[in-house]
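Architecture and fold: a report
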Amino acid sequence: MAAPQKGLTESMEHVPVASADVSGADALPYYIAALLPSGTPRWNDQSSIGSPANVTFSFMTESPAYAWFDDSFGFAPMSGVQQAAVRAALAAWSEVANITFREVSDAGDGGEIRFGTNNQNGTSGGYTYFPNSDPSGGDVYIANDQASNKNPEPGNWGYHTLVHEIGHAIGLKHPGDYDAHGGGAEGPFLPAAEDNQQFTTMSYTTQPWANYGTYGVAPALYDVAAIQYLYGANLKTRPGDDVYQLSNTETAFTKVIWDGAGSDTLDAGAQTRGATIDLQQGAFSSIGTNGAGGAAVNNVSIAYGASIGNANGGSGSDKITGNALANRLNGGAGDDTISGLTGMDTLDGGSGSDVLDGGEESDSALWTGPRHAYSISLKANADDTVADSSGTDRIIGNSIEHFVFVDGEFVTDTASTAAQVYRLYDATLDRAPDAGGLKNWVESIDSGSMTLNQTVAGFTGSSEFTGRYGNPDDTGFVTLLYRNVLGREPDAPGMQTWTSALAGGKSRSDLVLDFSESGENIGLTSPGVEQGLWLRDDAAAQVARLYHTTLNRLPDAEGLVTWTNALHNGDTLLRISDQFTGSPEFVERYGALDSAGFTTLLYNNVLGRQPDSSGLAAWTASMDSGTRRAEVVVGFSESAEHQSQRAAFIDDGVMLYGQNQSAGQVETAGLALSGSNPDWLFNA
Ligand SMILES: [Ca+2]
Ligand SMILES: [Ca+2]
Ligand SMILES: [Ca+2]
Ligand SMILES: [Zn+2]
C-alpha cells in the first residue's frame with residue numbers, strides 16, 4: 001500500500017494523562033523511561049511493577065453510557081475483520097510480556113479494555129485511554145473515517161495503528177513531544193534519531209528507510225523492553241531450541257526476536273542478498289529486501305534479554321556478528337565476515353573467501369574437507385590463512401585456536417592439552433611430537449584416563465628416552481632438563497636446589513612439569529604451538545584404513561568426508577564396510593570373491609603378502625560358518641599392525657587419492673613406519 005499522508009492518517013490521538021506521582025523511572029534505561037507516562041499506569045497496580053497481569057477485553061456494541069461526546073460521535077462497533085486483527089495484535093503483546101487478554105461480553109461496562117470505532121474528523125487514526133480504574137480506562141477508539149482502518153492486516157497501517165493503540169491501553173506513551181493535540185506531551189523523550197518505528201511502534205515517525213513499504217506487526221525493540229518492565233518477560237515463549245527462519249526474499253518484513261529459553265538460531269540461509277546479522281541484544285540486523293529493489297535496513301532486532309546463539313548466512317556476502325554466548329555462526333556461500341566476540345565460538349565460513357574473527361577465549365573454525373585439500377598457513381605474527389579452490393579464508397589476529405578439518409584439527413592454543421604434551425616432548429625427548437603420539441597422549445589426558453603428571457613417566461620410561469639418556473642419576477636428570485628446556489647447562493645453585501628437592505622426595509614427574517610448564521618454557525615454545533599442533537580425527541583414520549583394506553587406495557576427499565561424517569553421526573564401521581565391499585569399484589576390481597578369495601584380498605591389501613595356509617584356512621572356515629565378511633574386514637583394517645603401517649598416510653592428515661596418489665598408481669602395502677614412534681608401544 002502507499003504510505004499514508006503525514007498529518008492525516010498517522011495515528012494521532014489524544015491520550016488523557018494520568019495525574020499521579022512521578023515513578024522511579026529515572027533509574028531505568030532511557031529507552032524504557034521514554035515510553036512510560038508519569039504515575040506508571042498499568043493493569044497490575046495492585047502489585048509491584050513487573051508482576052503479571054490478566055486483563056479482560058470486549059468489543060463495544062454501542063457507545064458506552066459514560067462516554068464523552070467526542071467518543072460517541074459517529075460510533076460504530078468494530079467489524080469482524082477489525083476484531084480479528086485486534087485479537088492478533090493483543091497476542092503479539094502477550095507473546096513478549098506476562099500480560100494476558102481474556103475476551104468477555106460487552107454487557108454493562110464490558111471488559112477492562114474496550115474496543116470501538118468513531119468519527120475523528122480526519123484528525124487522528126485512533127486514540128486510547130491509559131489503564132485506569134475508571135470505566136473508560138483502557139478504552140480504544142479507532143477512526144472509522146480513515147480508510148486505512150477498514151481492513152487492518154499485518155504489514156498495513158491500520159494494523160500498525162491497532163498495535164500502537166494497544167500499547168497505550170496497557171501503559172505506554174509516545175516517545176516524543178506530540179499527540180493528537182500537537183506538542184506539549186510529557187517527557188522524557190527518545191533522541192530524535194531513535195524516535196521512529198524502527199525502535200518503537202509508539203512513535204509517529206515511520207521507519208527511516210524510503211520505500212520500505214511495510215509497517216511493524218508487533219511491539220518493536222524498545223516496546224518489548226518497556227512492556228517487559230511493566231509486566232515481566234514472558235519466558236514461556238518458545239522455550240525450546242528454535243530456528244527463526246527469515247527466508248522471505250520477495251517482500252519487506254520486520255521482526256523483533258524475543259525468545260524465552262533454549263539454543264536458538266537466526267537462519268537467513270535462504271537469502272540471496274548479502275545480510276548483516278548481529279546477535280547482540282538490542283542490535284539490529286538487515287536481512288532480505290526492502291521491497292523496492294534495494295536491501296532491507298535494520299529490519300530485524302534481537303530483544304533485550306533474548307539469547308540467540310546461532311546464525312546462518314545466505315548465499316550472498318554476509319556480515320555476521322555473534323554475542324557473548326558460545327556462538328555457532330555459518331557464513332554459507334559468498335565472501336563472509338564473521339565475528340564471534342567473546343565466548344568459545346565455532347565459525348564456519350562455508351565457501352568463498354571469508355574473514356573470521358574468533359574474538360576472546362578459545363574459538364574453533366570449521367572446514368568441511370580434509371586438511372590436505374587446503375593450503376594452510378598458520379603463523380604467530382601474521383593473519384592465518386586457509387585456502388582452497390573456492391577462496392582464501394583469513395583469520396584476524398590469531399583469534400582462532402582450533403582449525404578443524406574432517407580428518408583432524410590444528411590446535412594453536414598454548415593453554416591446551418596438546419600444547420602441554422608438546423612441551424613434555426620437548427622437555428623429555430627434546431623433539432617435536434609425531435602426530436600419532438601427540439594425539440594418543442592428548443586423548444588419554446582429555447578422556448580422564450591419565451593426568452598430565454601420570455603421562456610424564458610414560459615419556460621418561462620410554463625406550464626412546466632410555467636409549468638416549470640411559471638411566472640418569474638425579475644430577476644427570478636435572479642436567480638434561482636444563483639442556484632440553486632452557487637450552488643451557490645448569491648453574492651450580494640451580495643444580496643444588498633441584499637435586500636437593502629430588503633427594504627430599506620430590507618426584508621426577510613433578511620436576512619435569514616444573515620445567516615444561518614454567519612460564520619461561522611456555523613462552524619459548526609458543527612459536528611452535530602457534531604453527532598448529534595436529535590432532536588426527538579417529539573416525540577419519542578408520543575410514544582411511546577401510547579404503548586401503550578394501551580398495552587398496554587412498555581415500556578421495558569427497559568419500560572421506562561422506563563416510564567420516566556418517567561415522568560421527570552414528571553409522572558403524574561394519575555397515576560402512578558392507579558399503580565398500582558392495583561398491584561398484586570393489587566389484588569391478590575383484591569380481592565376486594569366495595571366502596578364500598576374500599581372505600587372500602585382505603592379506604594382500606592389509607598385510608602386503610599372500611596368506612599362509614593355516615591363516616587362509618582359518619578365515620575361510622570362519623566366514624563359511626557365518627562370520628560376517630564386514631567383521632573380518634574391520635578386524636584386519638583396525639589391527640594394530642595395519643594402524644601402525646598406515647600411520648604415515650593418516651596421522652598427519654589423511655593423504656588423498658588424486659592428490660597424494662594418482663589414478664592407476666595403486667600403492668603397495670607394507671610401507672615404512674612413521675619414524676621413531678615409541679608411544680605406540682607404551683600406549684598399546
Ligand atoms: Ca527458544
Ligand atoms: Ca561469542
Ligand atoms: Ca562464505
Ligand atoms: Zn498514540
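Report follows, based on the coordinates. (Residues numbered from 1 in each chain as written. Chains lettered and ligands numbered in written order. Predicted model: local features only at pLDDT ≥ 70, side-chain atom pairs only at ≥ 80, totals over all residues.)

Right, let's talk about the packing of helix H10 (residues 474–486) against helix H11 (residues 492–503) for a bit. Between H10 and H11, the shortest axis-to-axis distance is 10 Å and the interhelical angle comes to 130 degrees. It follows that H10 is oblique to H11 by the angle criterion. As for how H10 packs across H11, the hand of that crossing is right-handed. Residues Asp-474, Thr-475 and Val-478 of H10 form the contact with H11, whose own contacting residues are Met-495, Trp-498, Thr-499, Leu-502 and Ala-503. For the contact of H10 with H11, the residue count by class is 5 nonpolar, 2 polar and 1 charged. (Axes fitted to C-alpha atoms, helices over the stretch in contact; angles between N-to-C directions. Helix = DSSP H or I, 4+ residues; strand = E, 2+ residues; numbered from the N terminus. Parallel < 35°, antiparallel > 145°, perpendicular 65-115°, else oblique. Left-handed = near helix turned anticlockwise from the far one by under 90°. Contact = placed C-beta atoms within 7 Å. Nonpolar A, V, L, I, M, F, W, Y, C, P; charged D, E, K, R; others polar.)

Of note, Phe-403 is situated in strand E22 (residues 402–405). On the basis of neighbour count, Phe-403 is assigned to the buried category, with 24 C-beta atoms found within 10 Å. Taking the C-alpha atoms as reference points, Phe-403 and Ala-76, 327 residues apart in sequence, are found 67 Å from one another. Among all residues touching Phe-403, those that are not within four sequence positions of it are Ala-365, Val-386, Glu-409, Phe-410 and Gly-532. (Buried ≥ 20, exposed ≤ 12 C-beta atoms within 10 Å, placed from the backbone.)

Glancing now at the sheet that holds strand E3 (residues 113–118). The sheet built from 5 strands is open, its strands ordered E2-E1-E3-E5-E4 with mixed pairing. Edge strands, defined here as strands with exactly one partner in the open sheet, are strand E2 (99–103) and strand E4 (126–128). Here the strands of the sheet are splayed against their neighbours by 25 degrees on average, with no regard to which way each runs. In terms of strand pairing, E3 meets strand E5 (residues 140–143) through 4 bridges, oriented parallel. Directly across from Gly-116, in E5, lies its bridge partner Tyr-141. The strands touched by helix H4 (residues 157–169) are E3, E4 and E5; relative to E4, the strand with the most contacts, the crossing angle is about 15 degrees. (Pairing = 2+ DSSP bridges.)

Formed by 144 residues in total, the largest nonpolar core has its most connected members in Ala-226, Ile-227 and Leu-533. For this core, the leading source of residues is helix H5 (residues 221–231), giving 9 residues. (Core = buried A, V, L, I, M, F, W, Y, C linked by C-beta atoms within 7 Å.)

A word on the pairing of E5. The alternating pattern of E5 places Val-140 and Ile-142 on one face and Tyr-141 and Ala-143 on the opposite face, and all of these are buried. Across 3 bridges, E4 lies against E5 in antiparallel orientation. The residue bridging Thr-128 from the neighbouring strand is Val-140, located in E5.

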